[in-house]
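# Secondary and tertiary structure notes
Each chain, letter by letter, is given below.
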Amino acid sequence: MSISQEISRRRTFAIISHPDAGKTTLTEKFLLYGGALNLAGAVKTRKNQQSTASDFLELEKQRGISVSSTVLQFEYRGCAVNLLDTPGHRDFSEDTYRVLTAVDAAVMVLDAARGIQEQTLKLFQVCRRRGIPIFTFINKCDRPGRNPFELLDEIERVLDLQVFPVTWPIGSGMDFRGVYDRLGGRAHWFERGGGGAVQSAVTVGALDDAVIRGNIPPADFGRLEEEVALLDGAGTAFSREAVLAGRQTPVFFGSAMHNFGVRLLLDGFLDYAPAPGPRSAGARVVSPEDAAFSAFIFKIQANMDPRHRDRLAFLRVCSGRFERDMQVVHCQSGKRVRLSFSHQLFGQERETMDVAWPGDVLGVTGLPDFGIGDTLSEDTGIVFDAIPPFAPECFVLLHNTDTGGFKRFRTGLEQLLQEKVVQRFTPADGGSVPLLGAVGPLQFDVVAHRLQSEYNAAIRMENAPWTVARWVGPSVPAENFDGLFLGGAKLVRDMCGRLVLLFQGEWNCSYFSRENPGIPLFATPDLLLP
(Lines give C-alpha, C1' and ligand atoms only; values in the text may rest on other atoms or scores of the structure.)
Protein backbone atom coordinates (compact mmCIF):
# COMPACT_ATOMS: atom_id res chain seq x y z
CA MET A 1 0.00 0.00 0.00
CA SER A 2 1.03 3.62 -0.50
CA ILE A 3 1.56 5.93 2.47
CA SER A 4 -1.75 7.67 1.65
CA GLN A 5 -3.62 4.36 1.80
CA GLU A 6 -1.94 3.38 5.06
CA ILE A 7 -2.83 6.74 6.62
CA SER A 8 -6.45 6.63 5.46
CA ARG A 9 -7.11 3.29 7.16
CA ARG A 10 -5.75 4.29 10.56
CA ARG A 11 -7.87 5.37 13.52
CA THR A 12 -6.14 6.51 16.71
CA PHE A 13 -8.42 7.41 19.60
CA ALA A 14 -8.91 7.46 23.35
CA ILE A 15 -11.91 6.63 25.51
CA ILE A 16 -12.67 9.25 28.16
CA SER A 17 -15.17 9.20 31.00
CA HIS A 18 -15.85 9.79 34.68
CA PRO A 19 -14.91 6.82 36.92
CA ASP A 20 -17.44 3.96 36.83
CA ALA A 21 -19.15 5.12 33.64
CA GLY A 22 -18.00 1.91 31.94
CA LYS A 23 -14.88 3.01 30.06
CA THR A 24 -12.77 -0.08 30.71
CA THR A 25 -15.74 -2.37 30.02
CA LEU A 26 -16.33 -0.64 26.68
CA THR A 27 -12.62 -0.98 25.88
CA GLU A 28 -12.83 -4.73 26.42
CA LYS A 29 -15.93 -5.00 24.22
CA PHE A 30 -14.24 -3.08 21.39
CA LEU A 31 -11.48 -5.67 21.56
CA LEU A 32 -14.04 -8.47 21.61
CA TYR A 33 -15.85 -7.21 18.51
CA GLY A 34 -12.57 -6.28 16.86
CA GLY A 35 -11.44 -9.90 17.14
CA ALA A 36 -8.56 -9.13 19.51
CA LEU A 37 -10.11 -11.14 22.36
CA ASN A 38 -11.80 -14.54 22.48
CA LEU A 39 -13.65 -13.58 25.64
CA ALA A 40 -14.13 -10.08 27.04
CA GLY A 41 -11.67 -9.68 29.90
CA ALA A 42 -9.25 -12.32 28.63
CA VAL A 43 -6.29 -11.52 26.39
CA LYS A 44 -6.03 -14.13 23.68
CA THR A 45 -2.29 -14.63 24.01
CA ARG A 46 -2.20 -14.83 27.81
CA LYS A 47 -4.75 -17.62 28.28
CA ASN A 48 -7.00 -15.77 30.68
CA GLN A 49 -4.26 -14.74 33.10
CA GLN A 50 -5.64 -11.20 33.33
CA SER A 51 -9.02 -9.81 34.28
CA THR A 52 -8.84 -7.17 31.54
CA ALA A 53 -6.47 -6.37 28.71
CA SER A 54 -6.06 -2.73 29.66
CA ASP A 55 -5.71 -3.00 33.46
CA PHE A 56 -2.56 -5.09 33.90
CA LEU A 57 -0.71 -3.44 36.80
CA GLU A 58 -1.09 -5.27 40.12
CA LEU A 59 -2.45 -2.13 41.79
CA GLU A 60 -5.12 -1.82 39.07
CA LYS A 61 -6.25 -5.40 39.72
CA GLN A 62 -6.34 -4.83 43.49
CA ARG A 63 -8.37 -1.62 43.35
CA GLY A 64 -10.45 -2.27 40.23
CA ILE A 65 -9.54 1.08 38.65
CA SER A 66 -7.26 2.17 35.81
CA VAL A 67 -4.17 3.99 37.08
CA SER A 68 -2.11 4.07 33.88
CA SER A 69 -2.84 4.59 30.21
CA THR A 70 -2.33 1.63 27.89
CA VAL A 71 -2.25 1.07 24.14
CA LEU A 72 -4.30 -1.64 22.45
CA GLN A 73 -3.83 -2.24 18.73
CA PHE A 74 -5.91 -4.43 16.46
CA GLU A 75 -7.22 -4.77 12.90
CA TYR A 76 -10.93 -4.48 12.20
CA ARG A 77 -12.81 -4.04 8.92
CA GLY A 78 -9.61 -3.17 7.10
CA CYS A 79 -8.73 -0.44 9.62
CA ALA A 80 -5.62 -0.40 11.80
CA VAL A 81 -7.04 0.68 15.17
CA ASN A 82 -4.89 2.25 17.88
CA LEU A 83 -7.00 2.40 21.04
CA LEU A 84 -5.53 4.30 23.99
CA ASP A 85 -7.26 3.40 27.24
CA THR A 86 -6.96 6.15 29.85
CA PRO A 87 -7.51 6.37 33.62
CA GLY A 88 -10.87 7.86 34.59
CA HIS A 89 -10.01 8.89 38.15
CA ARG A 90 -9.06 12.58 38.48
CA ASP A 91 -5.94 11.71 40.51
CA PHE A 92 -4.45 10.18 37.36
CA SER A 93 -5.74 12.82 34.97
CA GLU A 94 -2.29 14.16 34.02
CA ASP A 95 -1.55 10.81 32.36
CA THR A 96 -4.83 11.14 30.46
CA TYR A 97 -4.05 14.72 29.39
CA ARG A 98 -0.75 13.60 27.88
CA VAL A 99 -2.38 10.70 26.04
CA LEU A 100 -4.91 13.09 24.50
CA THR A 101 -2.04 14.82 22.70
CA ALA A 102 -1.49 11.59 20.73
CA VAL A 103 -5.02 10.87 19.47
CA ASP A 104 -7.13 12.08 16.54
CA ALA A 105 -10.55 11.51 18.13
CA ALA A 106 -12.18 10.45 21.40
CA VAL A 107 -15.14 8.37 22.52
CA MET A 108 -16.86 9.97 25.52
CA VAL A 109 -18.74 7.51 27.74
CA LEU A 110 -21.67 8.80 29.79
CA ASP A 111 -23.67 6.95 32.43
CA ALA A 112 -27.33 6.94 31.37
CA ALA A 113 -28.37 7.74 34.94
CA ARG A 114 -25.75 10.40 35.78
CA GLY A 115 -25.09 12.13 32.46
CA ILE A 116 -22.15 14.52 32.32
CA GLN A 117 -20.00 14.26 35.45
CA GLU A 118 -17.10 16.36 36.71
CA GLN A 119 -14.16 14.41 35.29
CA THR A 120 -15.92 13.89 31.96
CA LEU A 121 -16.38 17.64 31.64
CA LYS A 122 -12.70 18.31 32.39
CA LEU A 123 -11.52 15.78 29.82
CA PHE A 124 -13.98 17.11 27.25
CA GLN A 125 -12.58 20.61 27.74
CA VAL A 126 -9.05 19.29 27.10
CA CYS A 127 -10.31 17.64 23.89
CA ARG A 128 -12.04 20.85 22.80
CA ARG A 129 -8.88 22.92 23.30
CA ARG A 130 -7.01 20.46 21.12
CA GLY A 131 -9.77 20.31 18.47
CA ILE A 132 -10.38 16.58 18.99
CA PRO A 133 -13.71 15.29 17.55
CA ILE A 134 -15.96 13.62 20.12
CA PHE A 135 -18.18 10.54 19.69
CA THR A 136 -20.60 9.93 22.56
CA PHE A 137 -21.71 6.57 23.97
CA ILE A 138 -24.53 6.67 26.52
CA ASN A 139 -23.89 3.52 28.52
CA LYS A 140 -25.85 1.43 31.03
CA CYS A 141 -29.20 1.79 29.24
CA ASP A 142 -30.05 -1.61 30.76
CA ARG A 143 -30.33 0.08 34.18
CA PRO A 144 -32.75 2.74 35.42
CA GLY A 145 -31.67 6.00 33.82
CA ARG A 146 -32.74 9.42 32.65
CA ASN A 147 -34.91 10.19 29.66
CA PRO A 148 -32.82 10.06 26.45
CA PHE A 149 -34.07 13.49 25.35
CA GLU A 150 -32.98 14.93 28.70
CA LEU A 151 -29.49 13.50 28.22
CA LEU A 152 -29.25 14.96 24.72
CA ASP A 153 -30.35 18.35 26.02
CA GLU A 154 -27.67 18.23 28.73
CA ILE A 155 -24.95 17.51 26.16
CA GLU A 156 -26.07 20.46 24.03
CA ARG A 157 -26.44 22.81 26.99
CA VAL A 158 -23.35 21.93 29.05
CA LEU A 159 -20.90 21.08 26.26
CA ASP A 160 -22.24 23.48 23.63
CA LEU A 161 -22.35 20.67 21.07
CA GLN A 162 -24.90 19.78 18.43
CA VAL A 163 -26.10 16.22 18.95
CA PHE A 164 -27.12 13.65 16.38
CA PRO A 165 -28.42 10.38 17.85
CA VAL A 166 -27.13 7.75 15.41
CA THR A 167 -28.84 5.02 17.43
CA TRP A 168 -31.89 5.27 19.68
CA PRO A 169 -32.81 2.97 22.58
CA ILE A 170 -35.69 0.51 22.34
CA GLY A 171 -37.05 0.10 25.84
CA SER A 172 -35.25 1.18 29.01
CA GLY A 173 -33.90 -0.31 32.20
CA MET A 174 -34.55 -4.02 32.48
CA ASP A 175 -36.70 -3.79 29.33
CA PHE A 176 -33.87 -2.34 27.22
CA ARG A 177 -33.23 -4.87 24.50
CA GLY A 178 -32.24 -3.03 21.37
CA VAL A 179 -31.43 0.12 19.43
CA TYR A 180 -32.67 1.67 16.21
CA ASP A 181 -29.99 2.73 13.74
CA ARG A 182 -31.27 5.99 12.27
CA LEU A 183 -28.67 6.24 9.51
CA GLY A 184 -29.10 2.61 8.48
CA GLY A 185 -32.87 2.51 9.03
CA ARG A 186 -32.62 -0.82 10.86
CA ALA A 187 -33.61 -2.04 14.31
CA HIS A 188 -31.16 -4.24 16.24
CA TRP A 189 -32.82 -6.54 18.80
CA PHE A 190 -30.36 -8.24 21.14
CA GLU A 191 -30.48 -11.49 23.09
CA ARG A 192 -29.02 -11.54 26.58
CA GLY A 193 -26.64 -14.35 27.39
CA GLY A 194 -23.04 -15.32 28.07
CA GLY A 195 -22.67 -12.70 30.79
CA GLY A 196 -21.36 -10.25 28.20
CA ALA A 197 -18.21 -12.31 27.63
CA VAL A 198 -19.18 -13.22 24.06
CA GLN A 199 -20.81 -11.29 21.24
CA SER A 200 -24.56 -10.97 21.76
CA ALA A 201 -26.94 -12.62 19.32
CA VAL A 202 -28.87 -9.96 17.41
CA THR A 203 -31.86 -9.81 15.08
CA VAL A 204 -31.68 -7.00 12.51
CA GLY A 205 -34.48 -5.69 10.35
CA ALA A 206 -36.53 -2.71 9.25
CA LEU A 207 -39.29 -1.44 11.54
CA ASP A 208 -41.93 -2.98 9.27
CA ASP A 209 -40.20 -6.36 9.41
CA ALA A 210 -42.54 -8.93 10.98
CA VAL A 211 -39.76 -10.46 13.09
CA ILE A 212 -38.80 -7.07 14.54
CA ARG A 213 -42.42 -6.13 15.24
CA GLY A 214 -42.94 -9.50 16.86
CA ASN A 215 -39.99 -9.04 19.22
CA ILE A 216 -40.65 -5.48 20.38
CA PRO A 217 -43.54 -5.07 22.87
CA PRO A 218 -46.35 -2.93 21.36
CA ALA A 219 -45.89 -0.11 23.91
CA ASP A 220 -42.15 0.12 23.23
CA PHE A 221 -42.74 -0.07 19.48
CA GLY A 222 -45.26 2.77 19.52
CA ARG A 223 -42.97 4.94 21.65
CA LEU A 224 -40.05 4.20 19.30
CA GLU A 225 -42.01 5.32 16.23
CA GLU A 226 -43.07 8.56 17.93
CA GLU A 227 -39.57 9.38 19.17
CA VAL A 228 -37.88 8.61 15.84
CA ALA A 229 -40.43 10.79 14.03
CA LEU A 230 -39.74 13.61 16.49
CA LEU A 231 -35.98 13.29 15.95
CA ASP A 232 -36.36 13.23 12.18
CA GLY A 233 -38.67 16.25 12.19
CA ALA A 234 -37.05 18.52 14.76
CA GLY A 235 -33.54 17.18 15.26
CA THR A 236 -30.23 18.32 13.78
CA ALA A 237 -29.13 16.76 10.47
CA PHE A 238 -26.02 14.59 10.53
CA SER A 239 -22.88 16.29 9.22
CA ARG A 240 -19.49 14.55 9.17
CA GLU A 241 -17.92 17.94 8.45
CA ALA A 242 -19.43 19.31 11.69
CA VAL A 243 -18.23 16.22 13.59
CA LEU A 244 -14.65 16.64 12.39
CA ALA A 245 -14.79 20.35 13.23
CA GLY A 246 -15.88 19.56 16.79
CA ARG A 247 -19.29 21.20 16.45
CA GLN A 248 -21.39 18.02 16.46
CA THR A 249 -21.17 14.73 18.32
CA PRO A 250 -22.71 11.48 17.03
CA VAL A 251 -24.53 9.82 19.94
CA PHE A 252 -24.92 6.07 20.41
CA PHE A 253 -26.98 4.31 23.09
CA GLY A 254 -26.27 0.87 24.52
CA SER A 255 -24.97 -1.34 27.29
CA ALA A 256 -21.28 -2.23 27.24
CA MET A 257 -21.85 -4.85 29.92
CA HIS A 258 -24.27 -6.82 27.73
CA ASN A 259 -22.67 -5.83 24.37
CA PHE A 260 -25.84 -4.03 23.22
CA GLY A 261 -25.02 -1.38 20.61
CA VAL A 262 -21.24 -1.83 20.88
CA ARG A 263 -20.67 -3.01 17.31
CA LEU A 264 -22.78 -0.14 15.96
CA LEU A 265 -20.64 2.31 17.93
CA LEU A 266 -17.39 0.75 16.70
CA ASP A 267 -18.57 0.64 13.08
CA GLY A 268 -19.90 4.19 13.24
CA PHE A 269 -16.71 5.48 14.77
CA LEU A 270 -14.53 3.89 12.08
CA ASP A 271 -16.82 5.28 9.35
CA TYR A 272 -16.88 8.88 10.55
CA ALA A 273 -13.73 9.45 12.66
CA PRO A 274 -10.77 11.23 11.09
CA ALA A 275 -7.61 9.61 9.79
CA PRO A 276 -4.31 11.03 11.12
CA GLY A 277 -3.92 14.71 10.29
CA PRO A 278 -1.18 17.35 10.35
CA ARG A 279 0.72 18.30 13.52
CA SER A 280 2.15 21.62 14.67
CA ALA A 281 5.90 21.90 15.15
CA GLY A 282 6.41 25.53 16.12
CA ALA A 283 5.64 27.66 13.08
CA ARG A 284 5.78 24.58 10.87
CA VAL A 285 2.91 22.19 10.11
CA VAL A 286 3.98 18.58 9.54
CA SER A 287 1.78 16.61 7.14
CA PRO A 288 1.44 12.86 7.75
CA GLU A 289 2.37 12.32 4.10
CA ASP A 290 5.73 14.08 4.46
CA ALA A 291 8.53 11.73 3.44
CA ALA A 292 10.66 12.22 6.57
CA PHE A 293 9.76 10.05 9.56
CA SER A 294 8.81 12.00 12.68
CA ALA A 295 7.25 11.09 16.02
CA PHE A 296 6.94 12.39 19.57
CA ILE A 297 7.00 10.67 22.96
CA PHE A 298 3.83 11.09 25.00
CA LYS A 299 4.38 8.50 27.73
CA ILE A 300 7.22 6.61 29.42
CA GLN A 301 6.82 3.60 31.68
CA ALA A 302 9.43 1.46 33.41
CA ASN A 303 8.91 -2.18 34.35
CA MET A 304 5.69 -2.36 32.39
CA ASP A 305 6.26 -6.10 32.16
CA PRO A 306 8.30 -7.68 35.00
CA ARG A 307 9.65 -10.21 32.50
CA HIS A 308 11.47 -7.41 30.63
CA ARG A 309 12.37 -4.93 33.43
CA ASP A 310 13.01 -2.18 30.90
CA ARG A 311 11.87 1.35 30.17
CA LEU A 312 9.34 1.78 27.39
CA ALA A 313 8.80 5.06 25.52
CA PHE A 314 5.44 5.39 23.76
CA LEU A 315 5.81 7.09 20.35
CA ARG A 316 3.05 8.57 18.22
CA VAL A 317 4.14 8.46 14.56
CA CYS A 318 3.28 11.75 12.84
CA SER A 319 4.81 11.50 9.37
CA GLY A 320 6.74 9.22 7.04
CA ARG A 321 7.42 5.52 7.41
CA PHE A 322 8.99 3.91 10.45
CA GLU A 323 11.31 0.95 9.93
CA ARG A 324 12.98 -0.98 12.71
CA ASP A 325 16.74 -0.26 13.00
CA MET A 326 16.38 3.11 11.30
CA GLN A 327 18.53 6.01 12.52
CA VAL A 328 16.82 9.21 13.61
CA VAL A 329 17.73 12.39 15.45
CA HIS A 330 16.68 13.01 19.02
CA CYS A 331 15.86 16.65 18.31
CA GLN A 332 16.14 17.89 21.91
CA SER A 333 19.78 16.76 22.20
CA GLY A 334 20.82 16.62 18.54
CA LYS A 335 22.06 13.03 18.98
CA ARG A 336 21.58 10.37 16.33
CA VAL A 337 20.02 7.18 17.71
CA ARG A 338 19.12 3.80 16.23
CA LEU A 339 15.59 2.52 16.91
CA SER A 340 16.43 -1.17 17.12
CA PHE A 341 13.99 -2.31 19.81
CA SER A 342 10.52 -1.34 18.61
CA HIS A 343 7.31 -3.01 19.75
CA GLN A 344 3.68 -3.27 18.81
CA LEU A 345 1.63 -2.97 22.01
CA PHE A 346 -1.41 -4.73 23.35
CA GLY A 347 -1.75 -3.69 26.98
CA GLN A 348 1.10 -5.44 28.77
CA GLU A 349 1.88 -7.64 25.77
CA ARG A 350 4.34 -6.64 23.08
CA GLU A 351 5.81 -8.05 19.90
CA THR A 352 8.43 -6.75 17.49
CA MET A 353 7.18 -4.02 15.16
CA ASP A 354 9.10 -3.73 11.90
CA VAL A 355 7.04 -1.05 10.13
CA ALA A 356 4.72 1.71 11.33
CA TRP A 357 2.83 4.56 9.67
CA PRO A 358 1.42 7.95 10.73
CA GLY A 359 -1.21 7.43 13.41
CA ASP A 360 0.43 4.31 14.81
CA VAL A 361 1.67 4.10 18.38
CA LEU A 362 4.75 2.01 19.07
CA GLY A 363 6.92 1.31 22.06
CA VAL A 364 10.70 1.79 21.94
CA THR A 365 13.17 0.51 24.54
CA GLY A 366 16.90 0.89 25.10
CA LEU A 367 16.97 4.70 24.97
CA PRO A 368 17.35 5.97 28.56
CA ASP A 369 17.80 9.69 27.79
CA PHE A 370 14.38 10.26 26.25
CA GLY A 371 11.75 12.41 27.95
CA ILE A 372 8.04 13.02 27.56
CA GLY A 373 7.36 15.48 24.74
CA ASP A 374 10.65 14.77 22.94
CA THR A 375 10.76 14.60 19.14
CA LEU A 376 12.41 11.87 17.05
CA SER A 377 12.80 12.63 13.37
CA GLU A 378 14.83 12.19 10.22
CA ASP A 379 14.36 15.93 9.67
CA THR A 380 16.26 17.98 12.25
CA GLY A 381 14.01 20.97 11.56
CA ILE A 382 11.03 19.26 13.18
CA VAL A 383 10.44 19.83 16.89
CA PHE A 384 6.85 19.17 17.89
CA ASP A 385 5.12 21.48 20.35
CA ALA A 386 5.82 20.60 23.97
CA ILE A 387 3.24 18.70 25.99
CA PRO A 388 2.01 21.18 28.62
CA PRO A 389 2.60 20.20 32.27
CA PHE A 390 -0.01 20.49 34.97
CA ALA A 391 0.40 22.03 38.39
CA PRO A 392 0.39 19.57 41.33
CA GLU A 393 -2.24 20.00 44.02
CA CYS A 394 -0.86 17.77 46.77
CA PHE A 395 2.63 17.12 48.14
CA VAL A 396 4.50 14.57 50.25
CA LEU A 397 8.00 14.20 51.65
CA LEU A 398 9.47 10.84 50.59
CA HIS A 399 11.78 9.21 53.15
CA ASN A 400 14.09 6.27 52.49
CA THR A 401 13.89 4.12 55.62
CA ASP A 402 16.65 1.65 54.70
CA THR A 403 20.06 3.28 54.29
CA GLY A 404 21.46 0.02 52.94
CA GLY A 405 18.89 0.08 50.14
CA PHE A 406 19.49 3.69 49.12
CA LYS A 407 20.68 2.71 45.63
CA ARG A 408 17.42 0.85 44.95
CA PHE A 409 15.46 3.80 46.32
CA ARG A 410 17.35 6.30 44.15
CA THR A 411 17.10 4.16 40.99
CA GLY A 412 13.36 3.59 41.41
CA LEU A 413 12.61 7.23 42.13
CA GLU A 414 14.66 8.47 39.14
CA GLN A 415 12.82 6.12 36.78
CA LEU A 416 9.41 7.15 38.10
CA LEU A 417 10.38 10.80 37.76
CA GLN A 418 11.29 10.20 34.11
CA GLU A 419 7.78 8.82 33.60
CA LYS A 420 6.44 12.05 35.14
CA VAL A 421 4.20 10.04 37.44
CA VAL A 422 5.04 12.74 39.99
CA GLN A 423 7.18 15.90 40.04
CA ARG A 424 10.13 16.47 42.39
CA PHE A 425 10.83 19.81 44.04
CA THR A 426 13.95 20.83 45.93
CA PRO A 427 13.87 23.44 48.73
CA ALA A 428 15.63 26.60 47.56
CA ASP A 429 17.53 26.73 50.86
CA GLY A 430 18.71 23.12 50.54
CA GLY A 431 17.45 19.78 51.84
CA SER A 432 18.02 16.13 51.01
CA VAL A 433 14.54 14.66 51.50
CA PRO A 434 12.67 14.55 48.15
CA LEU A 435 9.49 16.64 48.02
CA LEU A 436 7.04 15.14 45.53
CA GLY A 437 4.01 16.81 43.96
CA ALA A 438 1.10 15.21 42.09
CA VAL A 439 -2.31 16.12 40.71
CA GLY A 440 -4.06 13.75 43.14
CA PRO A 441 -3.13 11.76 46.27
CA LEU A 442 -3.78 8.33 44.72
CA GLN A 443 -0.76 8.96 42.53
CA PHE A 444 1.39 8.74 45.66
CA ASP A 445 -0.10 5.31 46.37
CA VAL A 446 1.10 4.24 42.93
CA VAL A 447 4.61 5.58 43.64
CA ALA A 448 4.77 3.82 47.01
CA HIS A 449 3.47 0.54 45.58
CA ARG A 450 5.87 0.56 42.65
CA LEU A 451 8.91 1.54 44.71
CA GLN A 452 8.21 -1.33 47.11
CA SER A 453 7.12 -4.00 44.61
CA GLU A 454 9.32 -3.20 41.59
CA TYR A 455 12.47 -1.88 43.29
CA ASN A 456 12.27 -3.43 46.76
CA ALA A 457 12.77 0.02 48.29
CA ALA A 458 11.73 0.74 51.88
CA ILE A 459 9.98 4.11 52.03
CA ARG A 460 7.79 6.29 54.21
CA MET A 461 5.64 9.18 52.99
CA GLU A 462 4.89 12.26 55.06
CA ASN A 463 2.06 14.55 53.99
CA ALA A 464 3.05 18.16 53.31
CA PRO A 465 0.61 21.06 53.88
CA TRP A 466 0.77 22.77 50.46
CA THR A 467 -2.00 22.52 47.86
CA VAL A 468 -1.17 25.30 45.36
CA ALA A 469 1.96 25.65 43.21
CA ARG A 470 2.89 28.84 41.36
CA TRP A 471 5.95 29.29 39.15
CA VAL A 472 7.90 32.51 39.72
CA GLY A 473 8.66 34.79 36.78
CA PRO A 474 12.18 34.22 35.40
CA SER A 475 13.19 37.83 36.07
CA VAL A 476 12.90 37.35 39.84
CA PRO A 477 16.05 35.93 41.52
CA ALA A 478 15.91 33.81 44.66
CA GLU A 479 17.61 36.61 46.62
CA ASN A 480 14.44 38.73 46.31
CA PHE A 481 12.73 36.39 48.78
CA ASP A 482 15.31 36.88 51.55
CA GLY A 483 13.51 38.32 54.57
CA LEU A 484 10.19 38.37 52.70
CA PHE A 485 7.16 37.25 54.69
CA LEU A 486 5.84 34.14 52.88
CA GLY A 487 2.96 33.36 55.24
CA GLY A 488 3.55 29.61 55.34
CA ALA A 489 4.56 29.38 51.69
CA LYS A 490 7.62 27.39 50.66
CA LEU A 491 10.15 28.48 48.03
CA VAL A 492 11.41 25.50 46.01
CA ARG A 493 12.92 24.68 42.63
CA ASP A 494 11.39 22.29 40.11
CA MET A 495 13.32 19.64 38.18
CA CYS A 496 14.44 22.29 35.65
CA GLY A 497 15.74 24.61 38.34
CA ARG A 498 12.89 27.13 38.09
CA LEU A 499 11.64 28.85 41.23
CA VAL A 500 8.24 27.74 42.51
CA LEU A 501 6.19 28.97 45.48
CA LEU A 502 4.04 26.41 47.29
CA PHE A 503 1.02 27.76 49.19
CA GLN A 504 -1.33 26.13 51.67
CA GLY A 505 -4.41 27.34 49.79
CA GLU A 506 -5.75 29.69 47.12
CA TRP A 507 -6.38 32.42 49.71
CA ASN A 508 -2.71 32.35 50.78
CA CYS A 509 -1.66 32.59 47.15
CA SER A 510 -3.99 35.54 46.47
CA TYR A 511 -2.81 37.34 49.60
CA PHE A 512 0.84 36.94 48.62
CA SER A 513 0.14 38.31 45.13
CA ARG A 514 -1.66 41.35 46.58
CA GLU A 515 1.18 42.09 48.99
CA ASN A 516 3.92 41.48 46.38
CA PRO A 517 2.65 42.77 43.03
CA GLY A 518 6.21 42.93 41.67
CA ILE A 519 6.61 39.14 41.79
CA PRO A 520 4.77 37.56 38.83
CA LEU A 521 3.33 34.09 39.46
CA PHE A 522 2.22 31.54 36.86
CA ALA A 523 -0.05 28.49 37.24
CA THR A 524 2.11 26.26 34.99
CA PRO A 525 5.69 26.62 33.73
CA ASP A 526 4.64 26.76 30.06
CA LEU A 527 3.02 30.14 30.79
CA LEU A 528 6.49 31.52 31.47
CA LEU A 529 7.26 31.32 27.75
CA PRO A 530 6.89 34.54 25.71
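Scroll up for the structure.
Here is what the cut-offs are and how they apply
Residues numbered from 1 in each chain as written. Predicted model: local features only at pLDDT ≥ 70, side-chain atom pairs only at ≥ 80, totals over all residues. Heavy atoms only, no water. Helix = DSSP H or I, 4+ residues; strand = E, 2+ residues; numbered from the N terminus. Buried < 20%, exposed > 50% of the residue type's maximum accessible area, 1.4 Å probe, protein only. Contact = heavy atoms within 4.5 Å. Polar contact = N/O pair within 3.5 Å; in protein donor to acceptor, adjacent residues only side chain to side chain. Pairing = 2+ DSSP bridges. Axes fitted to C-alpha atoms, helices over the stretch in contact; angles between N-to-C directions. Phe/Tyr/Trp six-rings, centres within 6.5 Å; stacked < 30°, edge-to-face > 60°. Parallel < 35°, antiparallel > 145°, perpendicular 65-115°, else oblique. Left-handed = near helix turned anticlockwise from the far one by under 90°. Nonpolar A, V, L, I, M, F, W, Y, C, P; charged D, E, K, R; others polar. Core = buried A, V, L, I, M, F, W, Y, C linked by side-chain atoms within 4.5 Å.

### Here's the deal with the overall build of the protein chain
Looking only at helices and strands, the protein chain features 13 helices and 33 strands. Considering the protein chain as a whole, with its 530 residues, one finds that 57% of them fall into the buried category. Considering only residue pairs separated by 6 or more positions, the protein chain has 70% of its internal contacts joining residues 24 or more positions apart.

### Regarding the side chain of Asp 494
Counting through the fold element by element, Asp 494 comes out in the loop between strand E31 (490-493) and strand E32 (499-503). Here the side chain of Asp 494 touches Cys 496 through a polar contact of 2.9 Å, landing on its backbone nitrogen. Separated by 2.8 Å, the side chains of Asp 494 and Arg 498 make a polar contact. Leave out the neighbours within four places in its chain, and Asp 494 touches Arg 424, Phe 425, Trp 471 and Val 500.

### A few points about the environment of Tyr 455
Looking at the element boundaries, Tyr 455 is found in the loop between helix H12 (442-454) and strand E29 (459-463). Of the residues examined, Tyr 455 reaches a relative accessible area of 10% and is grouped as buried. As a C-alpha pair, Tyr 455 and Gly 405 span 50 residues in sequence and 9.6 Å in three-dimensional space. In this structure the side chain of Tyr 455 is engaged in a polar contact, spanning 2.7 Å, whose partner is the side chain of Gln 415.

### A word on the sheet that holds strand E12 (residues 202-205)
The strand order across the open sheet built from 4 strands is E9-E10-E11-E12, with neighbouring strands paired in antiparallel fashion. Each edge of the sheet is formed by a strand with only one pairing partner; in this case those strands are strand E9 (167-170) and E12. Ignoring which end each strand starts from, the neighbouring axes of this sheet average 20° apart. Relative to strand E11 (residues 186-190), strand E10 (residues 178-181) is paired through 4 bridges, and the arrangement is antiparallel. Looking at the pairing, Tyr 180 lines up with Ala 187 of E11.

### Some points on the pairing of E32
Of all 5 residues in E32, 5 are buried; the element is thus mostly enclosed. On E32, burial covers both faces: Leu 499, Leu 501 and Phe 503 on one face and Val 500 and Leu 502 on the other are all buried. Judged from the 4 bridges that link them, strand E30 (residues 468-472) and E32 form a sheet pairing that is antiparallel. Of the residues in E32, the one forming a bridge with Val 468 is Phe 503. The sheet contact formed by E31 and E32 spans 4 bridges and is antiparallel. Each bridged residue has a counterpart across the sheet, and for Arg 493 the counterpart in E32 is Leu 499. Counting the residues that bridge the hairpin from E31 to E32 gives 5 residues, and of these Gly 497 lies at a positive phi of roughly 85°.

### A word on the packing of aromatic side chains
A full pass over the atoms with the stated rule returns 17 aromatic pairs. Ring centres 5.9 Å apart and planes at 50° place the aromatic pair Phe 176 and Phe 260 in the tilted group. Here Phe 176 is found in the loop between E9 and E10, whereas its partner Phe 260 is found in the loop between strand E13 (248-253) and helix H10 (262-272), with 84 residues between them in sequence. On the basis of relative accessibility, which here comes to 0%, the residue Phe 176 falls in the buried class. Arranged with centres 5.7 Å apart and planes meeting at 50°, the rings of Phe 293 and Phe 322 form a pair that is tilted. Residue Phe 293 is found in the loop between strand E15 (284-286) and strand E16 (294-302), and its partner Phe 322 is found in strand E18 (residues 322-323); the two are separated by 29 residues along the sequence.

### Focus: the packing of helix H11 (residues 406-419) against H12
In contact at an axis separation of 10 Å, H11 and H12 are set at 135° when each is read in the N-to-C sense. By the criterion of interaxial angle, the relationship of H11 to H12 is oblique. By crossing handedness, the relation of H11 to H12 is classed as right-handed. In this structure, H11 uses Phe 409, Gly 412, Leu 413, Leu 416 and Glu 419 to contact H12, whose residues at the interface are Val 447, Arg 450 and Leu 451. Grouping the amino acids of the contact of H11 with H12 by side-chain chemistry returns 5 nonpolar, 1 polar and 2 charged.

### Let's talk about the side chain of Thr 101
With respect to the element layout, Thr 101 can be found in the loop between helix H4 (93-99) and strand E6 (105-111). By relative accessible area, Thr 101 is classed as buried at 7%. Contacts of Thr 101, omitting those with residues within four sequence positions, involve Arg 130, Arg 279, Phe 296, Phe 298 and Ile 387.

### Section: the nonpolar core
Counting residues in each nonpolar core, the largest one holds 79 residues, and the members touching the most others are Leu 84, Leu 100, Phe 298 and Leu 339. By residue number, the principal contributor to this core is strand E17 (residues 311-319), which donates 6 residues. Not counting residues up to four positions away in its chain, the partners in contact with Leu 84 are Thr 12, Phe 13, Ala 14, Ile 15, Thr 70, Val 71, Val 99, Ala 102, Val 103, Phe 298 and Val 361.

### A look at the environment of Thr 86
In this fold, Thr 86 is placed in the loop between strand E5 (79-85) and H4. Owing to a relative accessible area of 0%, Thr 86 belongs among the buried residues under this scheme. In this structure, the C-alpha to C-alpha distance between Thr 86 and Val 71, residues 15 residues apart in sequence, is 9.0 Å.

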